[in-house]
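Now for the letters of each chain:
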Amino acid sequence: MPVRHGLFVEGPPPALVCGRCGTCAKVHFPRALLCPYCSADTVDEVHVRGPGTLWAFTAVTAPPPGYAGDVPYGFGVVELPEGVRVVARITESDPAALSLDESMELVVVALHTDELGRSVVTYAFAPGS
Amino acid sequence: MGVVEVAGVGMHPFGRHPDTSTTDMGVVAVRAALAEAEVGRGGFQAAFCGTAYGGVACGHKVLGALGMTGMPIVDVEAGCASGGAALQLAASAISSGQHDCVVVFGVEKMPRGIIRSSFFDPWQEEAGLAATPGYFALRAMRLMHTSGVTKDHLAAVVVKNRRHGAENPDAMFRSEVTAAEVLESRLVCEPLHLWMLCSPNEGAAAVVLRAGTGTGVRLASAVLRSHLPGSVLSESTPMSGLTDDAVVPPTTLAARDAFQESGLGPEDLDVVECQDTDAARELLSYEELGLCPAGGSAELLESGATTLGGRLPVNPSGGLLSKGEPLGASALGQVVELVRQLRDECGSRQVPGARTALSHTVGRGANAGVVVLQR
C-alpha cells in the first residue's frame, strides 16, 4: 500500500501526482488545492514520470524520527523536465556512487511491512541505465 | 518611531540540565535580566516568550514562578527564530509607544538527537523524509557546488567556533577541536559529520527592552520574515520547488529590511552572531546576509576575517556549534552575547571596540530573524 494515497501512481510506469496551475503554469508536488505560487484555484492534476536529473544527494545513516525502514538510505533532490524539483529517496545509498546531473528514473520501493503485514511503498528515484 | 534600548540581559547556560525544569531555567534568565535593568515587579507592561517545545503557557509559568503576572504574556513559536520573533514583537510594542518597558525571553528543553518536529506529516516520517540533517546536507552540497566550499572549509568553521566557544562560560562544548578530529567524527549525512552539526539542548536567555535615551545599547532593528515559495531546499522544507535559483531566501529578506530600517549596511558591522545549525549554514549565512558576495563565503572564511581578531568576527560566542541549540532560546542567546560584546564585557573573546552588531537566526517555517544592535 502507498505511504499516502494521492502522492503517486504505482503503474507501471509509476508517476508522481503533481499539480499544474492553469493560471501561472507552474508545477508543484504533492498536488495541492490552490497553486502555492500564485494562489489560483485552477490547479490541474498532472502525472510526472521522468526521467529527471540528480540535483543534490546524500545518504541518511541514522533512522530519523518515525522511520521504521532500513538505513543507510539515499536522499536527494531530482529535477524534472516539467520545471519542478522534488525531494525524494534515492535507491543508491552510497553517495560516492552518484554524481550531480546524472539521469534518474522514477521507481516505487518498499519501505517496511506494517502491523497488518502489508508492504508499505513509496516513490523514489534510481540512477538510470 | 521611538528609540528602543536594551536595559538588561540574562542567561541560563546552554547545555544539558536534567534536574532543572524549563520554567526554572526561564526564571534564572529573566531574573538576571531584570536585575541588570533594575526593573522589579510592576516595572514592565508586557512579556514575550519564544519557545518551540515548551508547551502550553510556557511564558506564563516562568512569570508565575517569579510572582510577576497580570500583564499580557505572549508565547511565540517560530522554530529556530522563535526568540527573534518574540524580540520583534517586543521592540514594536516599545517603538510604537504602546509600552515603555517589556521583557523578552526564550526557553527550551530539547531531547537529544535528531529533532522530532510536528511540522512533518506522518507519511513524511514513515518515508524517511523527516530527516532534518539530510536537508542540511543537501543544502551543504549545493553550497559546495555553487561556492567552491569544501569539506575542509566545513571543518574550519567548526574549529573556529569551538575555539571561540572555549572562552564562553555559557557554552556547552568548551574544548577546542582540530580539523582532523572534525572530519573523523561520525558521518551523519555526507558531507556533514557529527561535529559539524549543532546539538539540540537546553537553556534560556532574556532581554529587557525599554524606551530609551540612546545612551546604552540600542536596538536599531529587529526583523522577522518568512519564505517566498519556490526554493526546494528552503527552510520551509517543501517537498518540491521550481527550477529557479533566483528565489530570494528569507534570511536575505530579513537582512535587507533590517539594514534599511537601521540605515546601516554589512560594511558597518563589527561583530555577527549567525545561524550555524551546521557548518555549511554559517557559510551560507555569510552570503545570504550580504557579508560577502554570492559565492564568496569560502574566501571570506579563508581570509580569517570571521575569526576573533579578524575584520568581522562571526560567532564569537562559539555559535550553536559550541553552545548547542535550545530552539526558543537560541536567538536571544545571540542577542545576549552581542549586548555583552557592545558593552565590552566579554574578556578573552571580546571583539575590541565593537559598536555595531548583527544577530541572525533562520529555521523551519520558514522564519528568519535579523537583529541589529548599536552602541
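Up top is the structure.
Our subject in this report is the structure included herewith. A quick note: this is a predicted structure, and the numbers were derived from the prediction, not measured. (Residues numbered from 1 in each chain as written. Chains lettered and ligands numbered in written order. Predicted model: local features only at pLDDT ≥ 70, side-chain atom pairs only at ≥ 80, totals over all residues. Heavy atoms only, no water.)

1. Thoughts on the interface of chain A and chain B
Piece 1. Taken residue by residue, the interface counts 42 residues in chain A and 35 residues in chain B.
Piece 2. Together, Tyr37(A), Pro65(A) and Arg85(A) form the three largest contributors to the area buried by chain A at its contact with chain B, with a combined 21%.
Piece 3. Here chain A is connected to chain B by one salt bridge.
Piece 4. Across the pair Asp245(B) and Arg85(A) runs a salt bridge whose closest N-O atoms are separated by 2.9 Å.
Piece 5. The interface formed by chain A and chain B holds 13 residue pairs in polar contact (both at pLDDT 80 or more) in total.
Piece 6. For the side of chain A that touches chain B, the elements supplying multiple residues, two or more each, are strand 3 (27-28), strand 5 (52-60), strand 6 (73-80), strand 7 (84-90), strand 8 (103-113) and strand 9 (119-127) of chain A.
Piece 7. Here three bridges tie strand 7 of chain A to strand 9 (residues 240-242) of chain B, and the two strands are oriented antiparallel to one another. What sits directly across from Val84(A), in strand 9 of chain B, is Leu242(B). (Contact = heavy atoms within 4.5 Å. Buried area = accessible area lost by both parts, 1.4 Å probe. Salt bridge = Lys/Arg side-chain N within 4 Å of Asp/Glu carboxyl O. Polar contact = N/O pair within 3.5 Å; in protein donor to acceptor, adjacent residues only side chain to side chain. Helix = DSSP H or I, 4+ residues; strand = E, 2+ residues; numbered from the N terminus. Pairing = 2+ DSSP bridges.)

2. Quick look at unusual backbone geometry
Piece 1. Along the chain, Phe29(A) connects to Pro30(A) via a cis peptide bond; the corresponding omega equals -10°.
Piece 2. Along the chain, Pro30(A) falls in the loop between strand 3 and strand 4 (43-48).
Piece 3. With an omega dihedral of 5°, the bond running from Gly50(A) to Pro51(A) counts as a cis peptide bond.
Piece 4. Looking at the element boundaries, Pro51(A) is found in the loop between strand 4 and strand 5.
Piece 5. For Asp101(A), which is not glycine, the phi dihedral falls at a positive 75°.
Piece 6. Tracing the chain through its elements places Asp101(A) in the loop between strand 7 and strand 8.
Piece 7. The phi torsion at Glu38(B) lies on the positive side, around 55°, for a residue other than glycine.
Piece 8. Considering the arrangement of structural elements, one finds Glu38(B) in the loop between helix 1 (22-37) and strand 2 (46-50).
Piece 9. Glu38(B) sits in the exposed class, given a relative accessible area of 73%. (Buried < 20%, exposed > 50% of the residue type's maximum accessible area, 1.4 Å probe, protein only.)

3. Observations concerning the pattern of salt bridges
Residue and element names in this part refer to chain B.
Piece 1. A full pass over the atoms with the stated rule returns 16 salt bridges over all chains.
Piece 2. In this structure, glutamate 202 engages lysine 109 in a salt bridge whose closest nitrogen and oxygen atoms are separated by 2.8 Å. Of this pair, glutamate 202 sits in strand 7 (residues 202-211) while lysine 109 is found in strand 4 (residues 101-109), placing the two residues 93 residues apart along the sequence.
Piece 3. The salt bridge partner of glutamate 190 is lysine 151, with a shortest N-O separation of 3.2 Å.

4. Remarks on the layout of surface pockets
Residue and element names in this part refer to chain B.
Piece 1. Taken as a whole, the largest pocket holds about 1000 Å³ of empty space.
Piece 2. Lining the largest pocket are 44 residues, with Gly113, Ile114, Ile115, Thr132 and Pro200 positioned closest to its centre.
Piece 3. Considering every element that reaches the lining of the largest pocket, the biggest residue donor is helix 5 (residues 132-147), with five residues.
Piece 4. Residues that form the lining of the largest pocket fall into these classes: 20 nonpolar, 12 polar and 12 charged.
Piece 5. Taken as a whole, the second largest pocket spans an internal volume of roughly 740 Å³.
Piece 6. In terms of lining, the second largest pocket is formed by 31 residues, of which the most central are Asp245, Val247, Pro249, Leu284 and Glu288. (1 Å grid on protein atoms, 1.4 Å probe; cavity = no way out; pocket = protein on both sides within 12 Å on 5 of 7 lines; lining within 4 Å. Points joined across faces, edges and corners; volume = space filled by probe spheres on them. Nonpolar A, V, L, I, M, F, W, Y, C, P; charged D, E, K, R; others polar.)

5. Some details on the state of the cysteines
Piece 1. Considering all chains together, one arrives at zero disulfides over all chains under this definition.
Piece 2. Unpaired in this structure, Cys38(A) has its nearest cysteine sulfur neighbour in Cys21(A), at a distance of 3.5 Å.
Piece 3. Not part of a disulfide, Cys58(B) finds its nearest cysteine sulfur in Cys49(B), a span of 4.4 Å. (Disulfide = S-S within 2.5 Å.)

6. Describing the nonpolar core
Piece 1. Ranked by internal contacts, the top residues of the largest apolar core, which has 94 residues, are Leu16(A), Tyr123(A), Phe125(A), Leu129(B) and Leu291(B).
Piece 2. Element by element, the count of residues in this core is highest for helix 5 of chain B, at seven residues.
Piece 3. Not counting chain neighbours up to four residues away, the residues in contact with Leu16(A) comprise Leu7(A), Phe8(A), Phe29(A), Val46(A), His47(A), Val48(A), Leu80(A), Val86(A), Leu106(A), Tyr123(A) and Phe125(A).
Piece 4. Val6(B), Ala46(B), Val371(B) and Leu373(B) belong to the second-largest nonpolar core, a separate cluster that totals 36 residues. (Core = buried A, V, L, I, M, F, W, Y, C linked by side-chain atoms within 4.5 Å.)

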